[in-house]
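Architecture and fold: a report
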2 protein chains.
Amino acid sequence: MTSGPVPTYDDVLAAERRIRPYVHRTPVLTSEYFDTLSGARLFFKCENLQKTGAFKARGAVNAVFSLPEAQAAKGVATHSSGNHGQALCYAARRRGIPATVVMPHTAPAAKKAAVRAYGGTIVECAPSMDAREETLNRELARTGADLVHPYADARVIAGQGTCAKELIEDCGPLDALIAPIGGGGLISGTCLTIAAIAPGVSVYGAEPARADDALRSLKAGHIITENAPETIADGLKASLKDLTWHFISRHVTDIFTATEEEIVEAMLLVWERMKLVIEPSSAVTVAAVLKNRAAFSGVRVGVILSGGNVDLDRLPWQ
Amino acid sequence: MTSGPVPTYDDVLAAERRIRPYVHRTPVLTSEYFDTLSGARLFFKCENLQKTGAFKARGAVNAVFSLPEAQAAKGVATHSSGNHGQALCYAARRRGIPATVVMPHTAPAAKKAAVRAYGGTIVECAPSMDAREETLNRELARTGADLVHPYADARVIAGQGTCAKELIEDCGPLDALIAPIGGGGLISGTCLTIAAIAPGVSVYGAEPARADDALRSLKAGHIITENAPETIADGLKASLKDLTWHFISRHVTDIFTATEEEIVEAMLLVWERMKLVIEPSSAVTVAAVLKNRAAFSGVRVGVILSGGNVDLDRLPWQ
């Protein structure tokens, strides 16, 4: 049972054509240092260098540019004030349509500024999940805007699936691929693509130990939701939905977790040695690879660095 | 008059073949944000993502791997404790020969650790230029090691020239190209390549206003040396030598300067918007482009981001 139509690989191919003018084909980098440290051969897909600083641009652009003209004119809306919210505003501005982001009035000024900088309209609400959903529903009813969910949306998942396609094309055959899991949009798109073009590749997930709902779900055989987890990897707090569980339950080989300390340490190492600004949510995959040498030794592994949006005035190692 | 043989474009081509197994072909990135801010179309050549975190790996590897076997066995030496010193140790280790770096005993522990991490041997001396040269000469006499100067060396300049070649190949026709100037090795190699394969491209230099010896030299028509300048762009403190002046005086269209504040601001913007860790010396070119809109408006400009070696515990905006 899913919460919407299940996207197919044809949807990924259509997404790729649709989003090409609006997103970067991000580079794949290698690092002798991390190869030595991990014992693996790592291929880092740099979605931190993506438009809006995160892979989210892929899914958001695909959703916005697949809207029929009449619907598009009414705009799009979401309740994500993080990377998806910014990506949606970016996509909407590129199409020349309005984007509304519902966020608590307590949200950090930096997040509000980022949404506005991408041309989005903020509608504030009380700082609770109920208030957020209620306010969003009211906005949707009032404007007729299209809801673009951050991950439980076939268009978004198909867009995220373009990332693994580029990675495979650019680095050749892989044995494994690892991506972070929050709500599961990125790894769902990854599973979709890998199952279609490289079914022998094992897909692994990575989660903060403090928000390990996907791992617990995989063990239990059904979705276990998270209740307001606290982790520095703030992009990975969301819980799975039916549509992402559909992919994760079928295609993910295993899920590894990392502690807060391991996440910060891996993040610092990537900044120092690879000269890449990555956010904590991206460092979770790196930490997972480094601490599971047995699983990855001698293996060609694609590592998706999902984003690079951090507050440079408040770095976690300071 | 030069301080050694003047390298030719054939030397760049030979360097390219020689260094290929040991250096990255670094990506060329674009940024809508910086295009809008500058009015230009910018192509960033990311040498911060190069082996050892700086373009210096190109020249050092070329020098080390062009040594005849008997000479190579005696090792290499330098008195640069910065990016060149690390790059030379990296190159020597890849060839399996010893590398000696002469540095003052007052040098920061981090720099000593970096040299050791790349397998180099440190010979300490008193903290003066005279002591450094004297100690280096004694080491050269004692070991028979080959001196690899950070920039007044034909092999080093030919190696640095491979950077502009890749840039032109990857981003297509350019109108202009800008690189930082310290001792002038990078821009000399750039001039060499551009004169050979794209003579219509204007080559610009960028310097800290506090270490503007190349600009003053260009105006005076002869080398003016710097006397221990103080700037945050610590890779750009060296003075020109005859061999680099040879290229700069013939091929550089103009040199732009940036204040300390402009350098820090440009550096922060690149971290924030491009998610790249660059060092202050790299930010000088970005600052120069941003403050000289008139020169670059509507123009396709290659911008060499020369390196990314910074102390992440001491960032200049904090």
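As the structure is a prediction and not an experimental result, all values here were calculated from the model.

On to the interface of chain A and chain B, then. Each partner contributes to the interface: chain A provides 27 residues, whereas chain B provides 27 residues. When the two sides are added together, the surface that chain A and chain B hide from each other amounts to roughly 2000 Å², 55% of it contributed by carbon and sulfur. It is Glu32(A), Lys275(A) and Leu312(A) in chain A that bury the most area against chain B; as a group they hold 32% of the surface buried on that side. If you look at where chain A meets chain B, you find four salt bridges. The partner of Lys51(A) in a salt bridge is Glu32(B), with the nearest N and O atoms 2.8 Å apart. Remark: the boundary between chain A and chain B carries 12 residue pairs in polar contact (both at pLDDT 80 or more). At the level of elements, helix H5 (83-95) and helix H12 (260-274) of chain A are the ones that each hand at least two residues to the side of chain A that touches chain B. Per-element tally for the side of chain A that touches chain B: the top contributor is H12(A), with five residues.

Another aspect to go through is the domain arrangement of chain A. All names here are of chain A. When the domains of chain A are assigned, the result is domain 1 (9-54 + 153-305) and domain 2 (57-147). Computed over C-alpha atoms only, the centres of domain 1 and domain 2 are separated by 25 Å. Each partner contributes to the roughly 1700 Å² buried at the junction of domain 1 and domain 2, and carbon and sulfur atoms together form 52% of this total. It is Tyr22, Thr52 and Arg155 that lose the most area in domain 1 upon contact with domain 2, and together they represent 45% of the buried surface on that side. Among the ionic pairs, Asp146 bridges to Arg155, the shortest N-O distance being 2.9 Å. Here domain 1 is connected to domain 2 by 11 residue pairs in polar contact (both at pLDDT 80 or more). Those elements that provide at least two residues to the side of domain 1 that touches domain 2 are helix H1 (9-19) and helix H8 (154-171). Here the side of domain 1 that touches domain 2 gets eight residues from one element, more than from any other, and that element is H8. Each residue belonging to the side of domain 1 that touches domain 2 can be placed in one class, and the counts come to nine nonpolar, seven polar and eight charged.

On to the packing of helix H9 (residues 185-197) of chain A against helix H11 (residues 242-251) of chain A. All names here are of chain A. In the contact formed by H9 and H11, the axes pass within 9 Å of each other and the chain directions differ by 50°. By the angle between their directions, the pair H9 and H11 is classed as oblique. Considering how the two elements wind past one another, H9 and H11 form a crossing that is left-handed. In this structure, H9 contributes Gly185, Ile187, Ser188, Cys191, Leu192 and Ala195 to the contact, and H11 contributes Leu243, Thr244, Phe247, Ile248 and His251. In the contact of H9 with H11, the residues fall into seven nonpolar, four polar and no charged.

Residue and element names in this part refer to chain A. Strand order in the open sheet formed by six strands is E1-E2-E10-E7-E8-E9, with mixed pairing between adjacent strands. Two strands bound the open sheet, and with one partner strand each, they are strand E1 (28-29) and strand E9 (252-258). In this structure, strand E2 (residues 41-46) lies alongside strand E10 (residues 300-305), joined through six bridges in parallel fashion. From the neighbouring strand, Leu42 faces E10, where its bridge partner is Val301. Those strands touched by helix H10 (residues 213-220) are strand E8 (202-208) and E9, and its axis lies near 140° from that of E9.

A few words now on unusual backbone geometry. Phi is positive for Lys275(A), close to 60°, though the residue is something other than glycine. As for its position among the elements, Lys275(A) is in the loop between H12 and helix H13 (280-291). One non-glycine residue with positive phi stands out, namely Thr52(B), at about 65°. Counting through the fold element by element, Thr52(B) comes out in the loop between strand E2 (41-46) and helix H3 (56-65). Residue classification places Thr52(B) among the buried residues on the basis of a relative accessible area of 9%.

Let's shift gears to the UniProt feature "domain: Tryptophan synthase beta chain-like PALP" (unreviewed entry) in chain A. Look at the UniProt record and you will see "domain: Tryptophan synthase beta chain-like PALP" (unreviewed entry) annotated at residues 20-307 of chain A. Secondary structure within residues 20-307 of chain A divides into 48% helix and 17% strand; the distance between the first and last C-alpha atoms comes to 19 Å.

Here we come to the pairing of strand E10 (residues 300-305) of chain B. All names here are of chain B. Within E10, five of the six residues are buried, leaving the element largely enclosed by the surrounding structure. The pairing of strand E7 (residues 176-180) with E10 spans three bridges and is classified as parallel. If you follow Leu177 over to E10, its bridge partner there is Gly302.

With an axial shift of 0.0 Å and an RMSD of 0.0 Å, the rotation relating chain A to chain B amounts to 180°. Put plainly, the chains are arranged around a two-fold axis. Minimal C-alpha distance to the rotation axis in chain A is attained by Leu276(A), lying at 2.5 Å. Comparing interface residues between copies, 100% of those in chain A also lie at the interface in chain B; the contact surface is shared.

What follows covers the sheet that holds strand E4 (residues 99-104) of chain B. All names here are of chain B. Taken in spatial order, the four strands line up as E5-E4-E3-E6 in an open sheet, and their pairing is parallel. Each end of this open sheet is capped by a strand with a single partner; those strands are strand E5 (121-125) and strand E6 (146-147). The pairing of E4 with E5 spans five bridges and is classified as parallel. Residue Val101 lies in a different strand from E5, and its bridge partner there is Ile122.

All names here are of chain B. Of note, Lys112 is situated in helix H6 (residues 109-117). Judged by relative accessible area, Lys112 falls into the buried class, the value being 12%. Apart from the residues lying within four places of it in its own chain, the contact partners of Lys112 are Met103, Pro104, His105, Ala107, Ile122 and Glu124.

Criteria and thresholds
Residues numbered from 1 in each chain as written. Chains lettered and ligands numbered in written order. Predicted model: local features only at pLDDT ≥ 70, side-chain atom pairs only at ≥ 80, totals over all residues. Heavy atoms only, no water. Contact = heavy atoms within 4.5 Å. Buried area = accessible area lost by both parts, 1.4 Å probe. Salt bridge = Lys/Arg side-chain N within 4 Å of Asp/Glu carboxyl O. Polar contact = N/O pair within 3.5 Å; in protein donor to acceptor, adjacent residues only side chain to side chain. Helix = DSSP H or I, 4+ residues; strand = E, 2+ residues; numbered from the N terminus. Domains from an automatic or database assignment. Nonpolar A, V, L, I, M, F, W, Y, C, P; charged D, E, K, R; others polar. Axes fitted to C-alpha atoms, helices over the stretch in contact; angles between N-to-C directions. Parallel < 35°, antiparallel > 145°, perpendicular 65-115°, else oblique. Left-handed = near helix turned anticlockwise from the far one by under 90°. Pairing = 2+ DSSP bridges. Buried < 20%, exposed > 50% of the residue type's maximum accessible area, 1.4 Å probe, protein only. UniProt positions renumbered as here; feature names shortened; annotations may be inferred. Least-squares fit on C-alpha atoms with pLDDT ≥ 70 in both.

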